Each structure stands twice: as C-alpha cells, then as structure tokens.
Amino acid sequence: MEETQRQKKIAGVLQQDLAEILQRTATDGGLQGVILSVTKVHVTSDLSIAKVYVSIFPVKEAAALIKGIKAQKAQFRHELARRTRNQLRRVPELLFFLDDSLDYIENIEKSLKEGEDPIENPDLLPRRKKS
C-alpha cells in the first residue's frame, strides 16, 4: 500500500529531526570518527509507529551503537516531541533498525569485480535480514 502525502511529510520531518538528534548525541557522547545517518523513515497509516532505518559507519561498531540507540528511544521520542510540538499532536512510537543496504551493495560490487556473478549464483552473497 502506498504512503499518503501526510505519511510522507511526517516521515520527512521525523527523518530530519532524528538525524540532528542522533548526530548531536553521538558528538556529545564522545564518539569520534563515527557517522550516523537516518536513511529512511516509514510511518504507519494510523501515524502511531515510525520505523527508523539508521546507517552507521564504520560497520564494526554498528551493532553496539544500534543497541544503545534502541535503549535510548524514550529520550529520542521526548526530544522529538519537544521539537515537533507545533507540527504533530502525538509523536509515533520509534522502532530503530540497522540499514545494511550499503554493505549489501558493496558485497555485490566486490563479487562482480572478482569475476563471480551473484545474479546467476545467489549463494555467493549472504541473505539480508528482513525487518
């Protein structure tokens, strides 16, 4: 089902504000050399849940950071409520997921450069987790 215009607008507002909040939290927390970006936000049709996809570089620290982000989702939601109080009545519940699409694309490119064809032999690439 396609997203409505309202869902897209809310997702855009949430994406922009969450990116600023996460980056500020990372720098205030003393993380040096880590890049956090909110790549996509999907809002349900009743506007009660927002799935937030976060891309983290370097990848080796991604699992620990996404766990920390999930632990602090109440603080992030509170900060979002403060920022969007004139735009939204209720801030949706936030569900954070790690966006591994760049790693997946990189693995495909690496396989193609090595002469292997992941299209003909899909077992060459690890399966992506569905979220």
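Shown above is the structure to which this text applies.
Residues numbered from 1 in each chain as written. Predicted model: local features only at pLDDT ≥ 70, side-chain atom pairs only at ≥ 80, totals over all residues. Heavy atoms only, no water.

K.L.:
Can you tell me about the packing of aromatic side chains, naming the residues and giving the values?
P.N.:
Pairs of aromatic rings are described using the distance from one ring centre to the other and the angle between the two planes. This model, assessed by the stated rule, comprises 2 aromatic pairs. Here the aromatic rings of Tyr53 and Phe97 are separated by 5.5 Å at their centres, their planes lie at 25°, and the arrangement is stacked. Highlighted residues: Tyr53 in strand E2 (residues 49-57) and Phe97 in strand E3 (residues 93-98), separated in sequence by 44 residues. You can call Tyr53 buried: its relative accessible area is 15%. (Phe/Tyr/Trp six-rings, centres within 6.5 Å; stacked < 30°, edge-to-face > 60°. Helix = DSSP H or I, 4+ residues; strand = E, 2+ residues; numbered from the N terminus. Buried < 20%, exposed > 50% of the residue type's maximum accessible area, 1.4 Å probe, protein only.)

K.L.:
Give me the lowdown on the sheet that holds strand E1 (residues 35-43), citing residues and values where you can.
P.N.:
If you walk across this open sheet you meet the 3 strands as E1-E2-E3, and the pairing is mixed. Two strands lie at the open edges of the sheet, namely E1 and E3, each paired on one side alone. With strand direction ignored, the average angle separating the axes of adjacent strands in the sheet is 30°. As paired strands, E1 and E2 are joined by 8 bridges and run antiparallel to one another. Its bridge partner being in E2, Val38 is matched across the sheet by Val54. Along the sheet, helix H1 (residues 5-28) makes contact with E1, E2 and E3, crossing E1 at roughly 155°. Contacts from helix H2 (residues 62-71) reach E1, E2 and E3 within the one sheet, and its direction differs from that of E3 by about 175°. (Pairing = 2+ DSSP bridges. Axes fitted to C-alpha atoms, helices over the stretch in contact; angles between N-to-C directions. Contact = heavy atoms within 4.5 Å.)

K.L.:
Describe in detail the pattern of salt bridges, supporting the description with residues and values.
P.N.:
The full count for this structure, using the stated rule, is 6 salt bridges. Three or more residues are tied together by salt bridges with common partners; here these are Asp17, Glu20, Arg24, Asp28, Glu79, Arg82 and Arg83. (Salt bridge = Lys/Arg side-chain N within 4 Å of Asp/Glu carboxyl O.)

The analysis is restricted to geometry; functional conclusions fall outside its scope.
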